[in-house]
Amino acid sequence: GDSVTQMEGPVTLSEEAFLTINCTYTATGYPSLFWYVQYPGEGLQLLLKATKADDKGSNKGFEATYRKETTSFHLEKGSVQVSDSAVYFCALSAHSGGSNYKLTFGKGTLLTVNP
Amino acid sequence: EPEVTQTPSHQVTQMGQEVILRCVPISNHLYFYWYRQILGQKVEFLVSFYNNEISEKSEIFDDQFSVERPDGSNFTLKIRSTKLEDSAMYFCASSLRDEQFFGPGTRLTVL
């Protein structure tokens, strides 16, 4: 079945450091790929997405590129801020043609950014 | 901006009791989902709902679970006889296609 493997955390960085959170996936067909963010005490918010190979999703300074050859979708940000402290989830949606776009999530990576 | 809402934010119940978790999806969305997140673990798919019927359910979604969209706006998850292991955060989501919007969640505590 579909699965997402995500870099284990927690990750602790200083403000303005470079961030990479690794994500690889296994899926049949051609899934859409997503990064969701969960701030403390809140629900899941879509951060960015990519729907086909070589697409780059970007939002709020975060980027991820859909790499079909390595089945990866690593999240990067050049300069993190304290406000980026949250849990980040990589996810895929493998629409098989049925009436369902269910998401399969990775375990999540807790990011803490210190001033 | 339209958003998914969920009530209650926190529900405490005794083992064996029935609970109903409520969600109001975004009004023009077509697909509806429930997920759960046990504390410290990953978000797990429970069920998807489209065109007034279940389109897929996970192995977690056994006979004690049911979903309804009773009035075209609400989307509910019922757990008939709660167990201790049902304690988790339950998230509702809705989508037009693959981009899902999540509610803030209901924290269910089973004592």
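Quick note: structure is the one above.
Scoring rules and cut-offs
Residues numbered from 1 in each chain as written. Chains lettered and ligands numbered in written order. Predicted model: local features only at pLDDT ≥ 70, side-chain atom pairs only at ≥ 80, totals over all residues. Heavy atoms only, no water. Helix = DSSP H or I, 4+ residues; strand = E, 2+ residues; numbered from the N terminus. Rg over C-alpha atoms; globule rule 2.2 N^0.38 Å. Buried < 20%, exposed > 50% of the residue type's maximum accessible area, 1.4 Å probe, protein only. Contact = heavy atoms within 4.5 Å. Areas by Shrake-Rupley, 256 points an atom, 1.4 Å probe, with all protein chains shown as cover. Lys, Arg positive; Asp, Glu negative; His and termini not counted. Charge placed at Lys NZ, Arg CZ, Asp CG, Glu CD. Phe/Tyr/Trp six-rings, centres within 6.5 Å; stacked < 30°, edge-to-face > 60°. Pairing = 2+ DSSP bridges. Axes fitted to C-alpha atoms, helices over the stretch in contact; angles between N-to-C directions. Disulfide = S-S within 2.5 Å. Buried area = accessible area lost by both parts, 1.4 Å probe. Salt bridge = Lys/Arg side-chain N within 4 Å of Asp/Glu carboxyl O.

**Digging into the overall build of chain A**
And step 1. The helix and strand inventory of chain A stands at zero helices and twelve strands.
And step 2. When the elements of chain A are put in sequence order from the N terminus, they spell out β-β-β-β-β-β-β-β-β-β-β-β.
And step 3. Here the C-alpha radius of gyration of chain A, 14 Å, is about what a compact globule of 115 residues would show, namely 13 Å.
And step 4. Out of the 115 residues belonging to chain A, those deemed buried represent 43%.
And step 5. For chain A, long-range pairs separated by at least 24 residues make up 55% of all intrachain contacts whose partners lie at least 6 apart in sequence.
And step 6. In the form shown here, chain A has an accessible surface area of approximately 5300 Å², with 48% of it arising from carbon and sulfur atoms.
And step 7. Mean positive and mean negative side-chain charge positions of chain A (9 and 11 charges, respectively) differ by 7 Å.

**A word on the packing of aromatic side chains**
And step 1. As enumerated under the stated definition, the model contains 18 aromatic pairs over all chains in all.
And step 2. Measuring from centroid to centroid gives 6.1 Å for Phe-34 of chain A and Tyr-36 of chain A, while their planes differ by 40°, and the two rings are tilted.
And step 3. Among the aromatic side chains, those forming a connected cluster through ring pairs are Phe-34, Tyr-36, Phe-89 and Phe-105 of chain A together with Tyr-33, Tyr-35, Phe-45, Phe-91 and Phe-102 of chain B.

**Examining the pairing of strand β1 (residues 3–6) of chain A**
Residue and element names in this part refer to chain A.
And step 1. Burial along β1 is one-sided: Val-4 and Gln-6 are buried, and none of Ser-3 and Thr-5, which face the opposite way, are.
And step 2. The sheet contact formed by β1 and strand β4 (residues 23–26) spans four bridges and is antiparallel. Of the residues in β4, the one forming a bridge with Gln-6 is Cys-23.

**Re the sheet that holds strand β8 (residues 62–65) of chain A**
All names here are of chain A.
And step 1. Spatially, four strands are ordered β3-β9-β8-β7 in an open sheet, and the strand pairing comes out antiparallel. Unpaired on one side and paired on the other, β3 (19–21) and β7 (56–59) mark the two borders of the sheet. Here the strands of the sheet are splayed against their neighbours by 15° on average, with no regard to which way each runs.
And step 2. Pairing geometry for β7 and β8, over four bridges, is antiparallel. Of the residues in β8, the one forming a bridge with Ser-58 is Glu-63.

**Brief notes about the state of the cysteines**
All names here are of chain A.
And step 1. Inspection of the entire model under this criterion finds two disulfides over all chains.
And step 2. The disulfide that involves Cys-23 links it to Cys-90, with 1.9 Å between the sulfurs. Since a negative S-S torsion denotes a left-handed disulfide, the Cys-23-Cys-90 link at about -70° is left-handed. Of this pair, Cys-23 sits in strand β4 while Cys-90 is found in strand β10 (residues 86–93), placing the two residues 67 residues apart along the sequence.
And step 3. Its relative accessible area of 0% is what places Cys-23 among the buried residues.

**Describing the interface of chain B and chain A**
And step 1. Across the contact, 19 residues belong to chain B and 20 residues belong to chain A.
And step 2. Taken as a group, Lys-42, Asp-98 and Phe-102 of chain B account for 31% of the area that chain B buries against chain A, more than any other trio of residues on that side.
And step 3. Linking chain B to chain A there are three salt bridges.
And step 4. Close ionic contact of Asp-98 of chain B with Lys-49 of chain A constitutes a salt bridge, the shortest N to O distance being 3.5 Å.

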